[in-house]
Amino acid sequence: MPAILNGDVSGVVDKVGPGVTGFAEGDEVFGCAGGVKGWQGALADYMIADVRLLGKRTPGMSLPLAECAALPLVFLTAWSALVDRAGLQSGEHVLIHAGTGGVGHVAIQIAKYLRPGGDHGLFRSESRAGPCFGC
């Protein structure tokens, strides 16, 4: 007590522990490292994290570091549903309901990634009649 909550995190590595490879002080990282395996959550100024639960923010990423914290859990949930559970393969079709929510909008991006150059028709509900392509 008190419990520190939240799983998703992004930040800058302040120190690395002995035996840690692949990460260095000053690296920008993000992940779903809080509140799992007995560790405290991410709603703190500093946290200790298992490096297996973090990834580096590379210079090519256009998403600002602060916004990277919004990605890990929704991405893992969408990937698990589409790829791990449903076995979605490259080129297959998929119907995604509730594509404007956190997991849904990421699921759309994963489906687009698995179907490069394919048709991507996005549709709205009857109350907002008509197709919505590319939204």
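Worth saying up front: this structure is predicted, and the values here are computed from it rather than measured. Every chain begins its residue count from 1, and numbering advances along the sequence as written. Local features are withheld for residues below a pLDDT of 70 in this predicted model, meaning they are given only at 70 or higher, and side-chain atom pairs are given and counted only at 80 or more; totals for whole chains, interfaces and linings count all residues. Hydrogens and water molecules were not included; the side-chain quantities draw on all heavy atoms of the structure.

How should I be thinking about the pairing of strand β2 (residues 28–32) in this particular structure?
Look at any regular strand and the pattern is simple: side chains alternate between the two faces of the sheet. Counted residue by residue, β2 has four buried out of five residues, so it is predominantly covered. DSSP-based pairing: two strands are paired if at least 2 bridges between them are found. Helix and strand definitions follow DSSP, with helices as H or I runs of at least four residues and strands as E runs of at least two, each counted in order from the N terminus. Inspection of the sheet shows strand β1 (residues 8–12) paired to β2 by five bridges, in the antiparallel sense. Across the sheet, V12 pairs through a bridge with E28, a residue of β2. Pairing of β2 with strand β3 (residues 54–56) involves three bridges; the strand directions are antiparallel. Bridging from a neighbouring strand, G31 pairs with L54 of β3. Relative accessible area decides the class of each residue, using a 1.4 Å probe on protein chains only: under 20% of the type maximum gives buried, over 50% gives exposed, and in between gives partly exposed.

I would appreciate a short explanation of the packing of aromatic side chains in the present structure.
By convention here, two paired aromatic rings are described through the distance between centres and the angle between planes. Within 6.5 Å between ring centres, the rings of Phe, Tyr and Trp (the latter by its six-membered ring) count as paired, and their orientation is classed by plane angle as stacked under 30 degrees, edge-to-face over 60, tilted in between. Per the counting criterion, the structure on display carries one aromatic pair. When the centroid spacing of 5.8 Å and the interplanar angle of 25° are considered together, the rings of F75 and W79 count as stacked. Of this pair, F75 and W79 both sit in helix α2 (residues 72–85), separated by four residues, roughly a single helical turn. Cation over ring: K56 sits above F23, and NZ or CZ is 6.0 Å from the ring centre. Should the NZ of a Lys or the CZ of an Arg lie within 6 Å of a ring centre and within 35 degrees of the ring normal, that charge is described as sitting over the ring.

Any chance you could explain the sheet that holds β1 here in plain terms?
One key point about sheets: their strands pair by backbone hydrogen bonds, in either a parallel or an antiparallel sense. Pairing is antiparallel in the open sheet, where three strands are placed in the order β1-β2-β3. Among the strands making up the open sheet, the edge pair consists of β1 and β3. Averaged over all pairs of adjacent strands, the angle between strand axes in this sheet comes to 20°, irrespective of strand direction. We call two residues in contact whenever any of their non-hydrogen atoms come within 4.5 Å of each other. Between N-to-C directions, angles cover 0 to 180 degrees, with each direction set by a line fitted to C-alpha atoms, over the stretch in contact for helices. α2 rests against β1 and β2 of the sheet, and its axis sits at about 50° to β2.

Would you mind showing me how to read a nonpolar patch on the surface here?
Residues I4, L5 and L43 make up a contiguous nonpolar surface patch of about 300 Å² in total accessible area. Relative to the assigned elements, L5 resides in the segment before β1. Only residues whose relative accessible area exceeds 30% and that form no salt bridge enter a patch; like-charged residues are grouped when within 9 Å of one another, and nonpolar side chains (Val, Leu, Ile, Met, Phe, Trp, Tyr) when within 5 Å. Each accessible area is a Shrake-Rupley result for a 1.4 Å probe, and residues are judged covered by the shown protein chains and nothing else. Any carboxyl oxygen of Asp or Glu within 4 Å of a side-chain nitrogen of Lys or Arg constitutes a salt bridge here.

Sorry, what's going on with the packing of α2 against helix α3 (residues 102–114) here?
A pair of packed helices is captured by two measures, namely the crossing angle of their axes and the spacing between those axes. Packing of α2 against α3 brings their axes to within 8 Å, and their N-to-C directions diverge by 55°. Taken together, α2 and α3 sit at an angle that is classed as oblique. Handedness of the α2/α3 crossing: right-handed. Seen from α2, the contacting residues are V74, F75, T77, A78, W79, L82 and V83; seen from α3, they are G102, V103, V106, A107, I110 and L114. Across the contact of α2 with α3, the residue classes break down as 11 nonpolar, two polar and no charged. Just so you know how the angles are binned, under 35 degrees is roughly parallel, over 145 roughly antiparallel, 65 to 115 roughly perpendicular, and the rest oblique. By convention the crossing between two helices is left-handed if the near helix lies anticlockwise of the far one by an angle smaller than a right angle, and right-handed if it lies clockwise. All amino acids are sorted into three groups, where Ala, Val, Leu, Ile, Met, Phe, Trp, Tyr, Cys and Pro are nonpolar, Asp, Glu, Lys and Arg are charged, and the leftover types, Gly among them, are polar.

What should I look at first to understand the layout of surface pockets in this one?
The gaps of empty space that remain are located by a probe, the size of a water molecule, rolled over the atoms. As a volume, the second largest pocket reaches approximately 540 Å³. Lining residues are those with an atom within 4 Å of a point, where the points come from a 1 Å grid over the protein atoms alone and group into cavities, where a 1.4 Å probe fits but cannot get out, or pockets, open sets with protein on both sides within 12 Å along at least five of seven lines. For the second largest pocket, the lining is made up of 21 residues, of which V12, V13, D14, M47 and A49 are closest to its centre. If you tally residues by element for the lining of the second largest pocket, the top one is β1, at four residues. Classifying every residue of the lining of the second largest pocket by side-chain character gives 15 nonpolar, three polar and three charged. Grid points are joined across faces, edges and corners, and a volume is the space filled by probe spheres set on the points.

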